[in-house]
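Now for the letters of each chain:
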Amino acid sequence: MRINQDKCIGCGNCTYVCPMGAIYIDPETRRANINDDACVECFACFNGLSREVLPPKTARFARRAVSNLLMRFDPDPDICPTSAFEPNELEWPRSVRRAFSDPRVPHGSTGIVGRGTEEVKTNDITNRVDIGEVGFTIEFGRPGVGVRFHQIQKMSHALAAIGVAFEPKNPVTSVMLDTKTGDLRPEILNEKVMSAILEVKVGVERAEEVIRAVWAIEKELDTIVVLGVGVRCDEDGNETIVAPILKKLGYNPQRAKTNLGLGHKILREIRPEEFSATPEVARP
Amino acid sequence: MTNTLHRYGTAESFADDYVVIAIPSKGNESGGDPLPALKRFLQIAVAYHPVSIGDATSGGSIRPTRHHSMWQHFFTKRPIQPDFQTVIDGISRPTTFSAVFDKRENAEAFVKRIADEDFGLSINVSSSIINGLQCCRAAGVKRHSLAYSLGFEGIPDNIPDRHALMLSTMCGHGLVSLALAKKMISFVKENRLKPDRAAATMSRFCSCGIFNQSRAKRIIEDARTKTF
């Protein structure tokens, strides 16, 4: 991403919206600039800021004039008044930043947008995590700090060392050179991304071992780690196997994604008349 | 894909936060075209009074504005109410679709309706564990799988910036920056913005529509008068 210096009026709105804090006003030029090393190419500035087309010279003059009168040029806080953001053509390996940071861009490895993982959201169709198994998602970088791949590699090395299998349909796995060692492609190791998710699956009996392995490495990493634990419920819809393990380890989970088990291999065909022109009415 | 699992907050803070997700499984192309069912999912959602609906590639129901003339700066009022029809009209390819509710009765009635429709899509409820269970009971289905969030390692419940963190983590892709969340709280404190406008400002950065403006307003109102 770049900021057109001819257009920027230095209003500072964009400095707040960058999740990585990589945008700042240069005190010499009084224009916004981007710290390229910290920027993860998430496009929050380009896609999220609303765009206006005020003439830059007039807007700068107006800002200076009201400032001299101890008043404030006060555009809405999510506006770039002159549409100054312009995307760069990204080349490898920098392009990996956008693939892992801009949720609108599908991951080539999985074809899924966002963080590129299905986890247990489609478990009712894929049966990715069966009864007696635990699927872990180990996410790095959120909220608001980002992560470099060499940090992720520390974790992938540790998990590979205890012999766990990485989920093949996962964007981080797709940039591994060797899933037996957890080695990532060397040219991306210093690239920074908003967040990334490692996925592994083990038998229930190894759940505690995996969590303890994550704890040991997480303390060494200069980023934030968050764990998700995917499990299959029993025939009655209960989950009584993994919850006690989590409790024993000191966790008290509050939030979860609940898969309702409504997925089928074959989708129901929607009849054209179902898309009625009249507004849908909620049933009592 | 939406990313809603790791929202910061206690179970009580999710009382008005139900994200219902419809997703077709990748690699199941032989099962039929999921796009009509996904579109129908959103159409039905609108009848149950959602806070927001969204599609993971095109955006949510409050989107950034684009001006084409400088005069719009002075004479165009920017919308802060969700525009559901734009989301539905903009659907172009099958991806993850979502509907966000702030009332238990609406969420449960919608989930029951979707279960009755039997589209064959994978349906998930992202909320507190008990809210998800109650939705299943209301729909008469049993939980198939669970994805627990174990929380952010090293970030406790009692940090000073917890309001900002609750706002920022409502976009699971990290696009609502912590700095913007803090700024919005400050603007409301200074009475430079109303809470609904501050919530709309943040939701424009959420690219898949799962930002819960209703919960955001409540959090900002709470933060207006106290840090903790």
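These figures come from a predicted structure and were not determined experimentally.

### Looking at the overall build of chain B
Then, in step 1: When helices and strands are tallied, chain B shows 9 helices and 5 strands.
Then, in step 2: Over its C-alpha atoms chain B spans a radius of gyration of 18 Å, differing by no more than 12% from the 17 Å that the globule rule assigns to 228 residues.
Then, in step 3: Along the first, second and third principal axes, the C-alpha atoms of chain B reach 55 × 45 × 30 Å.
Then, in step 4: Residue burial in chain B is summarised as follows: out of 228 residues, 58% are buried.
Then, in step 5: Considering only contacts within chain B whose residues lie at least 6 apart along the sequence, 76% involve residues at least 24 apart.

### Here we look at the pairing of strand E13 (residues 196–203) of chain A
Then, in step 1: Where strand E7 (residues 133–140) of chain A and E13 of chain A come together, 8 bridges link them in antiparallel fashion. Bridging across to E13 of chain A, Thr137 of chain A finds its partner in Glu199 of chain A.

### As for the interface of chain B and chain A
Then, in step 1: On the chain A side, the residues contacting the 88 residues of chain B number 85 residues.
Then, in step 2: Element by element, the count of residues in the side of chain B that touches chain A is highest for strand E5 (residues 145–152) of chain B, at 8 residues.
Then, in step 3: Of the residues that constitute the side of chain B that touches chain A, the class distribution is 39 nonpolar, 37 polar and 12 charged.
Then, in step 4: Sheet topology note: the strand E15 (residues 255–259) of chain A/strand E4 (residues 122–128) of chain B ladder contains 5 bridges and is antiparallel. For Arg255 of chain A, the partnering residue across the bridge sits in E4 of chain B and is Ser128 of chain B.

### Focus: the pairing of strand E14 (residues 225–232) of chain A
Then, in step 1: Summarising burial for E14 of chain A: 8 of the 8 residues are buried, a large majority.
Then, in step 2: Neither face of E14 of chain A is open: one carries Val225, Leu227, Val229 and Val231 of chain A, the other Val226, Gly228, Gly230 and Arg232 of chain A, and all of them are buried.
Then, in step 3: Two strands pair when backbone bridges link them, and E7 of chain A and E14 of chain A are joined in this way by 7 bridges, in the antiparallel orientation. The partner of Glu139 of chain A across the bridge, within E14 of chain A, is Val226 of chain A.
Then, in step 4: As paired elements, E14 of chain A and E5 of chain B share 6 bridges and run antiparallel to each other.

### Focus: the domain arrangement of chain A
All names here are of chain A.
Then, in step 1: Split into domains, chain A comes out as domain 1 (2–86) and domain 2 (106–248).
Then, in step 2: Centre-to-centre separation of domain 1 and domain 2, based on C-alpha positions: 37 Å.
Then, in step 3: The interface of domain 1 with domain 2 comprises 5 residues on the first partner and 5 residues on the second.
Then, in step 4: A class-by-class count of the residues in the side of domain 1 that touches domain 2 yields 5 nonpolar, no polar and no charged.

### Observations regarding the sheet that holds E15 of chain A
Then, in step 1: Within the open sheet, the 10 strands sit side by side as E9(A)-E13(A)-E7(A)-E14(A)-E5(B)-E15(A)-E4(B)-E1(B)-E3(B)-E2(B). Their pairing is antiparallel. Single-partner strands in this sheet number two, and they are strand E9 (165–166) of chain A together with strand E2 (52–55) of chain B.
Then, in step 2: Across the sheet, helix H6 (residues 149–161) of chain A touches E7 and E13 of chain A, and the angle it forms with E13 of chain A is around 10 degrees.
Then, in step 3: Each of strand E1 (18–23), E2 and strand E3 (97–101) of chain B is contacted by helix H1 (residues 35–47) of chain B, which is oriented at about 15 degrees to E3 of chain B, the strand it contacts most.

### Some details on the environment of Leu249 of chain A
All names here are of chain A.
Then, in step 1: Topologically, Leu249 is positioned in the loop between helix H9 (242–248) and E15.
Then, in step 2: Taking the C-alpha atoms as reference, Leu249 lies 16 Å from Lys219; in sequence the two are 30 residues apart.
Then, in step 3: Once residues lying within four places of it in the same chain are set aside, the contact partners of Leu249 are Glu208 and Ile211.

### Section: the packing of H6 of chain A against helix H8 (residues 207–218) of chain A
Residues and elements named next belong to chain A.
Then, in step 1: Packing of H6 against H8 leaves a shortest axis separation of 10 Å and a crossing angle of 145 degrees. Viewed along their axes, H6 and H8 form a crossing whose handedness is right-handed. Mapping the contact onto sequence places Lys154, Met155, Ala158 and Leu159 in H6 and Ala213, Ala216 and Ile217 in H8.

### Let's talk about helix H8 (residues 195–203) of chain B
All names here are of chain B.
Then, in step 1: For H8, the tally of buried residues reaches 7 of 9 residues, placing the bulk of the element in the interior.
Then, in step 2: Buried residues of H8: Pro195, Ala198, Ala199, Ala200, Thr201, Met202 and Ser203, and no others.
Then, in step 3: Looking at the packing, one finds that the buried side of H8 touches helix H6 (162–168), helix H7 (178–189) and helix H9 (213–225).

### Describing unusual backbone geometry
Residue and element names in this part refer to chain A.
Then, in step 1: Along the chain, Trp92 connects to Pro93 via a cis peptide bond; the corresponding omega equals 5 degrees.
Then, in step 2: Relative to the helices and strands, Pro93 resides in the loop between strand E6 (85–86) and helix H4 (95–101).
Then, in step 3: Phi at Arg30 is positive, roughly 60 degrees, even though this residue is not glycine.
Then, in step 4: Topologically, Arg30 is positioned in the loop between strand E2 (23–26) and strand E3 (31–34).
Then, in step 5: When the 13 C-beta atoms within 10 Å are taken as the criterion, Arg30 is described as partly exposed.
Then, in step 6: Residue Asn127 is not a glycine yet carries a positive backbone phi of 50 degrees.

Reading guide: rules and limits
Residues numbered from 1 in each chain as written. Chains lettered and ligands numbered in written order. Predicted model: local features only at pLDDT ≥ 70, side-chain atom pairs only at ≥ 80, totals over all residues. Helix = DSSP H or I, 4+ residues; strand = E, 2+ residues; numbered from the N terminus. Rg over C-alpha atoms; globule rule 2.2 N^0.38 Å. Buried ≥ 20, exposed ≤ 12 C-beta atoms within 10 Å, placed from the backbone. Contact = placed C-beta atoms within 7 Å. Pairing = 2+ DSSP bridges. Nonpolar A, V, L, I, M, F, W, Y, C, P; charged D, E, K, R; others polar. Domains from an automatic or database assignment. Axes fitted to C-alpha atoms, helices over the stretch in contact; angles between N-to-C directions. Left-handed = near helix turned anticlockwise from the far one by under 90°.

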